[in-house]
Each structure stands twice: as C-alpha cells, then as structure tokens.
2 protein chains.
Amino acid sequence: MAKLKASKRSITDPVGFYAAGATCGIKASGLPDLALIVADRPCAAAGVFTRSRTIGAPLVVSKRHLRAGQAQAVVVNSGNANASTGKAGERDAKAMCKHVADELAHNMLTTMRDVSLKPSDVLVASTGIIGHPLPMDRIGRGIASLVTRLGRNEQADADAARAIMTTDLAPKAAHARLTLAGKTVRLAGIAKGSGMIAPNMGTMLAFITTDADIAPAALQQALTGAADASFNRISVDQHTSPSDMALVLASGAAGHDRISRTTGDDYRAFADTLTELCRNLAYQIVQDGEGATRVFRVNITHARNEREADRVAKAIVDSPLVKCAVHGGDPNWGRIVTAAGYSGVALQPAKMSLLIGDPDDKSICVYRAGTPTSLNGNEMRRLGALMRRREVVFNLALGRGEASVQWLGCDLSRQYVTINADYTT
Amino acid sequence: MAKLKASKRSITDPVGFYAAGATCGIKASGLPDLALIVADRPCAAAGVFTRSRTIGAPLVVSKRHLRAGQAQAVVVNSGNANASTGKAGERDAKAMCKHVADELAHNMLTTMRDVSLKPSDVLVASTGIIGHPLPMDRIGRGIASLVTRLGRNEQADADAARAIMTTDLAPKAAHARLTLAGKTVRLAGIAKGSGMIAPNMGTMLAFITTDADIAPAALQQALTGAADASFNRISVDQHTSPSDMALVLASGAAGHDRISRTTGDDYRAFADTLTELCRNLAYQIVQDGEGATRVFRVNITHARNEREADRVAKAIVDSPLVKCAVHGGDPNWGRIVTAAGYSGVALQPAKMSLLIGDPDDKSICVYRAGTPTSLNGNEMRRLGALMRRREVVFNLALGRGEASVQWLGCDLSRQYVTINADYTT
C-alpha cells in the first residue's frame, strides 16, 4: 500500500507545509545553518526525544510546547546545540519560538490560511557544538529573513534539509504516500545525523510532515513505534547526544476520515508507512555516518525477546573492533561473536550460529553450534567478497527463542578520527 | 609501607619462581609467542576472569584447575586465543597443561624442590586471533624447549613478558615489596593488553607472583579487590575479550606468619600492595593501548555510590568522541558532560561541575552548576595546554553523594583503525 519514493520532494510535499533554509551566520564556514518549517493551519504534533539526562535547552522548550499535542512551526539551527548552557540557553530557545511567531504575524503569506500562532505553537531544535551561547542577534535576523522566503517546492525542501546539516556530507530526505479510503496521504521527512549517533538517540534530528488527519495521541504512538524500529536501532558512535529529537506535524489536509485511535486498518497503514519513512531516513543517517565507507546490518534472530536481541545487536554495532573489521573488509567474525558475549545476555555458545551475507544471497556460515565451520578456498574467497560489499550483513542466531531485530551500523575509519579530533578548534 | 619499584625484575623476583619465554611458531612474524612460569613448590593460587559469555577454552580449563586454590605453573601462548573453538579447543587447552606437567617431570631442575606436578596444577592462558585451532605440534615442542630454559633472572622476566604480547608495543612488568613482621615480601607481575581492553576485562592477561604466605581464599579476595580497582576500571576499546584473566601464585617462601584471613594488618598491607601493583600494570596497559598517544584519567566524585560512579566513568572513557577530543587536545568538554548524560544515571546537570587538569595543579573549571564558566584568554590558553599533556585529567563532580572512583582511558587515533582494520589478513 505504501510506496517509498526517491524523488527530491520532501517536507513541503504534504499539503499545508512551507519551508525555508538559509545562512544566518552561526557557522564560521558560512554554510546554511537555519531552517524553518511552517504549516498553514494548526497541526497535530508529536515528538520523541533523547533519553540523555543532560538534554539541551531546545528539548526542554519543545517538550513543553508539545504538551497540548499541537504545533504549527519548527525552527532549527545547526552549528550550535544550545546544550549545557543552563538557564540562559532556555531563555534563548524560548526567544527563538517567539521570534518565529512574531515574524509570521508581521509577514502573513496570502497562501496561508492562519498564521496567527503563539510562541507555544513553535517547536525548536538545535545541533552543533555544546556549551556555547547562541548568537541570538544573528538568529533573530535569520528568522526574519526566512519568514519572507517560505516556499512549497523542491528548492524549499532542499534548503531546509541543507540548513540542518553539521558534519553530514549529504542532505537526508525521504517521502512516502499511502491511500486511505481513496484519498492520497503524503508523508515526508528530512533528517541530519553524522556524529553522536546512538540509539535514544544520536545528534539526530528528524522533521516529518504529513497531511494525514490524525489525533495527537495516535500520532505520538505511531511516531514512538516508528522511532523504536528505526532511529533507536542505529549507531554511528554510541555517543547519545543531548539534542536529538524527531518531530512530526500532521496538517489533516488529506481529507480522509480522521484517525482518532491506535487500532484499525487506517492507523496501521499510516503507522507502517511512517515506520518505513523513518527507516529510510535512519539508513541515510548511518550511510553518512562520520567517516563511514560501509554500512553493516546486524540481524539478531532466535532471541528470547526483543529486549535481549537489542542488547546483543547494540554491543555488536558499537564495538570499535567490529567496526574496524568492516572497514578493512576483514572476515574477523570472532569479534562479532565475542561482542555478543559481552552484551550481558546469558548466551550459550553451543546454541549460536553466525552467517555472513544476506540470507537470500548465498550467505556463508562461519560459526555453528559454538564452533568455527571449515571453509574451503572458494568459500573463503566468497566470504572475503561479502565482507567488501558496500553493505555487509551479519546474521547471528542465538538459539533461545523466536524474537528478532535488525540494527544498522557503519564502519570506523581514520576519517572519523580526523573529523572528531579537531572539531571545536 | 609498600613501595613500587621501576626495576626490570618482575615475576621471578619473588622467591620460588622460574620463568621462560620463546618463539614456538604460532605467530607468522616469528616473534616470541610462548611463556612459562613455574614455582618450585605448590602455591596458593587465585584468578579473576572475563565476564564474557563466550569465554575461551583456556578459561574453562584454568577455572577448573583453580578450584582447589592451588597451582604450580602457568603456560601462556600469544598469537591465537583458542576461543570460539568448541570442544576441540578445550582438548587443546587441557593438552597444554599435560605437556607442561610431563615435560617438567622429565626435566627436573636441581634448584626446584618439587616439580612432580599434575596437569591440574597447571593454569593455561591464550591470547590472539579468535576462532582458529591451536598449532598443537609447535606448542608441544615449544613447551619441551621452554622447560629446559627456565631461569630466575632479568632475562627470564623479560622473555616471559615479551612472549605474551600481541599488538603491545612494550612489555609490561612491575614489582613491589612490603615488610610483614620484619620479613620482606615480594610481589611482581607481567601483563599484556593493547586491544579488546575493557572492564571485566579486555584481552588482558596479567600473571602475578609473590612469595607471601597466604591462604587461597584470602588470596582470591585480595586479587578480586585489586582487579576491581585496577583492571576493571580501564578501557581501551570497550570490547571485552573472551580471553582475559589475571592469575596470582603465592609461594609462601617469604617466611612470615601465614595470612589466613581477610582481616588484620598483614592482610590489609598485602592487599593494598597487590592493588598498587595491579594499578601499575593497568596504567601500562592503557598507556600502550592500540594506537594510543595519551592517557586520560576520569575522576568521578560526589556520586551516590561506586556503582553509579563506575557507570558514569565507563560512559566517558568509552565514548569515541571523548577519545577523539583527547587525541586532538581539543577542550571540547561538552562531550564529557553529555557522555555522563547518557550513562543511565539520573544526573541533575544543575548539581554537576567539571574541572580539567589535576586538582592539585591549577585545574580549570569549565562547567559549574549546569552552566559553562566564562574563561578569559589566559585561562583558555592554560586549558589548551592541560588538554595537550601526555596525561589528561577530567574531574566530574555529580553532586549526589560521597562516593568516588577513578578510571583510565586512552585516546582514539587513526593508528587504532589501521591496526584493527586489517588484523587477520
């Protein structure tokens, strides 16, 4: 029913959304650093946030503004995370929301139905260096300028996606459609990632728009489920950021019957499409992990439950030794088995097996019942080739039950160190 | 009372111990790969082992042989971990013990009082590549040769320390002395580390000898405490190895009154000296972490208890972003605060503070009560200098209680990736 599209349209594809992105001068590089997403009507809104205990000021403010389950705009800056900045940081985050509301009131677009929004209708996000005050004068001028340039087109989508990047090499965008009772429903999202990417979550921002008509509580549950199956199962460097969030705004413009509960086919179809969209964005984030040259997929199967499968998978995707083996295309599978071994799950090696390669694609079993298999020369060559692909797949069966999960990680390269050894200076 | 010595003597310094190390041909490089430590009498023995669930075969065998709290020899090979090798691996580990017992019986040294030991008096350890069978013929010949070359001198100490190395750049050895009731008691140890170093533990092997006269149960408790305060508070790359162990053999030759309980001044003095010795070896391991150019010390203070202090410290020493910042000498302290933030401990930023630099040595407070401090140009320069030292110190106060712990980590360099991206091939 749902179909992921690779086109360039993203967050302004769903009916009712406008966006803009530009340089306001936070980044010394002069690259774009401020984005704005605005809906032409109040939207149902939901968010998921980092579980860090040292959350940034924008998260304090956005969580508060989300309490009513409604929002109409999102303002995002890159280059400065406004985190570990105390009370002053919170004042700045609130001021960003007020700037947006004020400027929109003064610059109402004729195409917008209703832009008389309050500061509490605005959500705010920041990403970048930690522990520095925001340059509020530049941000204020930037917001004033962005409001005059809001658009509904490819350029607006691309400008917003670029303006939220930090060390990302490529902008990340996706969109999807589904049909509910004959009506087309659009979903789209932009994201940024690159470093500090870990479950729960990394410096990961995702902003999703949809014209679905859905109650805030149902939207929240759909987003929580989608994030658990996507953003919370990726890791670039296990360092959970204080700034992460994924937000979704639903304009309701698609015209189908409102989804007001978390049961029923319509809810299921919407939630599944949202999950696919988030997985698509999550994949783009891992693929563009700092210094990454390869993605690897970890399929944990036959676990007792998803929770223990997640623990095993996380130990593997976070292991620097596994990540280096993937980088070198080195079939050093002992590192995968031993990472599982220290995950804290009471594994029994005699019941475990490890296959390398996509299960549908002539994978090679390297470890069975706690013992290495013996591979002939041809199999060794095929194993080497499977390890050198752009996407490497590990399938670890635990022999404990029926649960399975899939995680994504990326390799660890010299470039990661180069990027991160000299970031503030 | 105890004094750490920097001399070259190590494991054969305590009375009653002999050692040897040589090349038997496991490593393709031709570097030394087999070590033997033998006592001239049955010793009280104790060990601590990795908490990995995929432990190597030598650990299965050594744990079994330690049940009686007694041992007389330790045989160690490097270049092959004999891990993830199933039942065949266990047979090989047992065969190594039997080889040692048999060869010692055939080559009794005149200086040794009693070498009629059983295979179960021999402990075995292996380190290196995972998932490959041991070349037992070479190891057998190697053991036969080592038995004829056992010595009690600097050369024997150095040979053994070198033969247990894998990617270590330097051998690791330490010794210490204390006086109990007028008698000199010697302790000494060798260790290897480098990669797969994480608490509980890394590919970390430590072999300690002492001529203290101490009951096995007291020796075990002293070793467990010493390991918790040293080897279990270091991390090079968080990948807990399946092969780690620290073993101690006590010959009892020092001639003081036997320490039979875990109370009393003598026990305390011995345990403290053992802890210092283990900390010394642990420091050497971190300093020689794969690709490491700097060590950093994380002091967590004012925690509610040691357990939560350990969680916060571990999150910091394992963070690749913190490790990269240390590598670049970059005072990007937000990474330290946010690593604490994702440790899972319910921290309150408003009560936290972070000082960089040794507290006794003009440290700089960069974060106080959840807010960055403002530093002048001079302070910024001093902060930069503190970050570029060979040893960098972070002091994070949590404001929750009175507990404190100290951990050690090392930086993450391009060289770490180079070493680990191409290890098996």
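Residues numbered from 1 in each chain as written. Chains lettered and ligands numbered in written order. Predicted model: local features only at pLDDT ≥ 70, side-chain atom pairs only at ≥ 80, totals over all residues. Heavy atoms only, no water.

**Things to note about the overall build of chain A**
Looking only at helices and strands, one finds 11 helices and 16 strands in chain A. Over its C-alpha trace chain A gives a radius of gyration of 22 Å, about what one expects of a compact globule, namely 22 Å for 425 residues. Taken along its principal axes, the extent of the C-alpha atoms in chain A is 75 × 55 × 35 Å. Looking at chain A, you have 50 positive and 39 negative side-chain charges, and the mean spots of the two groups are 2 Å apart. (Helix = DSSP H or I, 4+ residues; strand = E, 2+ residues; numbered from the N terminus. Rg over C-alpha atoms; globule rule 2.2 N^0.38 Å. Lys, Arg positive; Asp, Glu negative; His and termini not counted. Charge placed at Lys NZ, Arg CZ, Asp CG, Glu CD.)

**A look at the pattern of salt bridges**
Overall, the coordinates contain 38 salt bridges over all chains when judged by the stated rule. A salt bridge links Lys172(B) to Asp168(B); the shortest N-O distance between them is 2.8 Å. Judged by relative accessible area, Asp168(B) falls into the buried class, the value being 5%. Between Arg297(B) and Glu391(B) there is a salt bridge, with the nearest N and O atoms lying 2.6 Å from each other. One end of the pair, Arg297(B), is in strand 11 (residues 295–303); the other, Glu391(B), is in strand 15 (residues 391–397), and 94 residues separate them in sequence. We classify Glu391(B) as partly exposed; its relative accessible area is 25%. One salt-bridge network, held together by shared partners, links Asp13(A), Arg177(A), Arg186(A) and Asp211(A). (Salt bridge = Lys/Arg side-chain N within 4 Å of Asp/Glu carboxyl O. Buried < 20%, exposed > 50% of the residue type's maximum accessible area, 1.4 Å probe, protein only.)

**Section: the interface of chain B and chain A**
The interface of chain B with chain A comprises 57 residues on the first partner and 57 residues on the second. Here chain B and chain A share 0 salt bridges between them. Summed over the shared surface of chain B and chain A, the number is 3 residue pairs in polar contact (both at pLDDT 80 or more). Taken together, the elements giving at least two residues each to the side of chain B that touches chain A come down to helix 8 (320–328), helix 9 (334–341), strand 14 (371–372) and helix 11 (414–420) of chain B. In terms of residue count, the dominant contributor to the side of chain B that touches chain A is helix 8 of chain B (7 residues). Taken together, the residues of the side of chain B that touches chain A sort by class into 26 nonpolar, 23 polar and 8 charged. (Contact = heavy atoms within 4.5 Å. Polar contact = N/O pair within 3.5 Å; in protein donor to acceptor, adjacent residues only side chain to side chain. Nonpolar A, V, L, I, M, F, W, Y, C, P; charged D, E, K, R; others polar.)

**Regarding the state of the cysteines**
Residues and elements named next belong to chain B. Overall, the coordinates contain 0 disulfides over all chains when judged by the stated rule. Its sulfur unpaired, Cys 97 is 15 Å from the next cysteine sulfur, which belongs to Cys 24. Here Cys 410 is not cross-linked by a disulfide; its sulfur's nearest cysteine counterpart is in Cys 324, at 11 Å. (Disulfide = S-S within 2.5 Å.)

**Regarding the sheet that holds strand 11 (residues 295–303) of chain A**
A sheet is described by the order of its strands in space; here 7 strands give the open sequence 9-16-11-15-12-13-14 (chain A), paired in mixed fashion. Looking along the sheet, the strands with just one partner apiece sit at the ends: strand 9 (234–235) and strand 14 (371–372) of chain A. (Pairing = 2+ DSSP bridges.)

**With respect to the packing of helix 1 (residues 57–65) of chain A against helix 2 (residues 86–106) of chain A**
All names here are of chain A. As a packed pair, helix 1 and helix 2 sit with axes 8 Å apart at the nearest point and diverge in direction by 50°. As summarised for this structure, helix 1 and helix 2 are arranged oblique, according to the angle between their axes. Note on packing geometry: the crossing formed by helix 1 with helix 2 is right-handed. Counting all contacts with helix 1, which are made through Ala 57, Pro 58, Val 60, Val 61, Arg 64 and His 65, the residues of helix 2 involved are Gly 89, Glu 90, Ala 93, Lys 94 and Cys 97. Of the residues assigned to the contact of helix 1 with helix 2, the class counts are 6 nonpolar, 2 polar and 3 charged. (Axes fitted to C-alpha atoms, helices over the stretch in contact; angles between N-to-C directions. Parallel < 35°, antiparallel > 145°, perpendicular 65-115°, else oblique. Left-handed = near helix turned anticlockwise from the far one by under 90°.)

**Remarks on the side chain of Asp121(B)**
Residues and elements named next belong to chain B. When you line up the elements, Asp 121 lands in the loop between helix 2 (86–106) and strand 5 (122–129). For Asp 121, a relative accessible area of 9% puts it in the buried group. With residues near it in sequence (within four places) discarded, Asp 121 still touches Gln 70, Ala 71, Gln 72 and Ala 73.

**A word on the domain arrangement of chain A**
Residue and element names in this part refer to chain A. Split by domain assignment, chain A resolves into domain 1 (3–287) and domain 2 (295–420). For domain 1 versus domain 2, the separation of C-alpha centres amounts to 33 Å. Both sides together, the interface formed by domain 1 and domain 2 hides about 1,300 Å², and carbon and sulfur atoms give 56% of it. Broken down residue by residue, the surface that domain 1 buries against domain 2 is led by Arg 233, Tyr 283 and Val 286, which jointly contribute 49%. (Domains from an automatic or database assignment. Buried area = accessible area lost by both parts, 1.4 Å probe.)

**Remarks on the sheet that holds strand 14 of chain B**
Residue and element names in this part refer to chain B. Strand order in the open sheet made by the 7 strands is 9-16-11-15-12-13-14, with mixed pairing throughout. The open sheet has two edge strands, strand 9 (234–235) and strand 14, and neither has a second partner. Pairing of strand 12 (residues 353–356) with strand 15 involves 4 bridges; the strand directions are antiparallel. Within the sheet, the bridge partner assigned to Ser 353 lies in strand 15 and is Ala 397. Strand contacts of helix 10 (residues 377–387): strand 12, strand 13 (364–368) and strand 15, with the helix running at about 100° to strand 13, the strand carrying the most contacts.

**Some words on the relation of the copies chain B and chain A**
Superposition of chain B onto chain A requires a rotation of 180° combined with a translation of 0.0 Å along the rotation axis, giving an RMSD of 0.0 Å. In symmetry terms, the pair is related by a two-fold rotation axis. Every residue of chain B has its C-alpha some distance from the rotation axis, and the shortest such distance is that of Arg414(B), at 2.2 Å. The residues that chain B uses at the interface reappear at the interface of chain A in 98% of cases, marking a shared surface. (Least-squares fit on C-alpha atoms with pLDDT ≥ 70 in both.)

**What about the environment of Gly151(B)?**
All names here are of chain B. Note that Gly 151 resides in the loop between helix 3 (136–147) and helix 4 (154–163). Sequence separation between Gly 151 and Val 38 is 113 residues, and the spatial gap between their C-alpha atoms is 9.5 Å. Once residues within four sequence positions are removed from consideration, Gly 151 is found in contact with Thr 12, Phe 17, Tyr 18, Ala 19 and Ala 156.

**Regarding the side chain of Asn80(B)**
Residue and element names in this part refer to chain B. Within the secondary structure, Asn 80 sits in strand 4 (residues 70–80). One polar contact links the side chain of Asn 80 to the main-chain carbonyl oxygen of Pro 133, over a distance of 3.1 Å. In this structure, Asn 80 is in contact with Ile 26, Ser 126, Thr 127, Gly 128, Ile 129, His 132, Pro 133, Leu 134 and Pro 135, ignoring residues within four places of it in sequence.

**Observations concerning helix 4 of chain B**
Residues and elements named next belong to chain B. Turning to helix 4, its buried residues number three or more, namely Ala 156, Asp 157, Ala 160, Ala 161 and Ala 163. Buried residues of helix 4, seen end-on, are gathered within an arc of 170° and therefore sit on one face of the element. Those residues of helix 4 that are buried lie in contact with strand 2 (17–22), strand 3 (34–49), strand 4, strand 6 (172–180) and strand 7 (183–192). Its side-chain oxygen placed 3.1 Å from the backbone nitrogen of Gln 155, Asn 153 serves as the N-cap of helix 4. (Arc of directions from axis to C-beta.)

**Here's the deal with the pairing of strand 7 (residues 183–192) of chain A**
Sheet faces and side chains relate simply in a regular strand, where the side chains alternate between the two faces. All names here are of chain A. Within strand 7, 7 of the 10 residues are buried, which leaves the element mostly enclosed by the surrounding structure. Summarising the sheet, strand 6 (residues 172–180) and strand 7 pair through 9 bridges and their orientation is antiparallel. Across the sheet, Ala 174 pairs through a bridge with Gly 189, a residue of strand 7. The loop that links strand 6 with its antiparallel partner strand 7 comprises 2 residues; one of these, Ala 181, has a positive phi angle of about 50°. Bridging between strand 7 and strand 8 (residues 205–210) involves 6 bridges; their strand directions are antiparallel.

**So, unusual backbone geometry**
Residue and element names in this part refer to chain B. Not every positive phi belongs to a glycine, and Asn 82 is a case in point at roughly 45°. By the element assignment, Asn 82 lies in the loop between strand 4 and helix 2. The class for Asn 82 is buried, based on a relative accessible area of 0%. Its identity as a non-glycine residue notwithstanding, His 302 has a phi of 55°, on the positive side. Tracing the sequence through the fold places His 302 in strand 11. Residue classification places His 302 among the partly exposed positions, given a relative accessible area of 39%.

**Focus on the nonpolar core**
The biggest cluster of nonpolar side chains holds 45 residues, and the ones touching the most others in it are Ile214(B), Leu219(B), Phe231(B), Phe270(B) and Leu274(B). Among the secondary structure elements, those contributing two or more residues to this core are strand 3, strand 6, strand 7, strand 8 (205–210), helix 5 (216–228), strand 10 (245–250), helix 6 (265–287) and strand 16 (403–410) of chain B. Among the elements that line this core, the one with the most residues is helix 6 of chain B, at 12 residues. The two domains that each donate at least three residues to this core are domain 1 (3–287) and domain 2 (295–420) of chain B. When sequence neighbours within four positions are dropped, the list of residues in contact with Phe270(B) reads Leu178(B), Leu187(B), Thr210(B), Ala212(B), Ile214(B), Leu219(B), Ala222(B) and Ile259(B). In this structure, Ala246(A), Ala254(A), Tyr267(A) and Ala271(A) belong to the second largest nonpolar core, which totals 44 residues. (Core = buried A, V, L, I, M, F, W, Y, C linked by side-chain atoms within 4.5 Å.)

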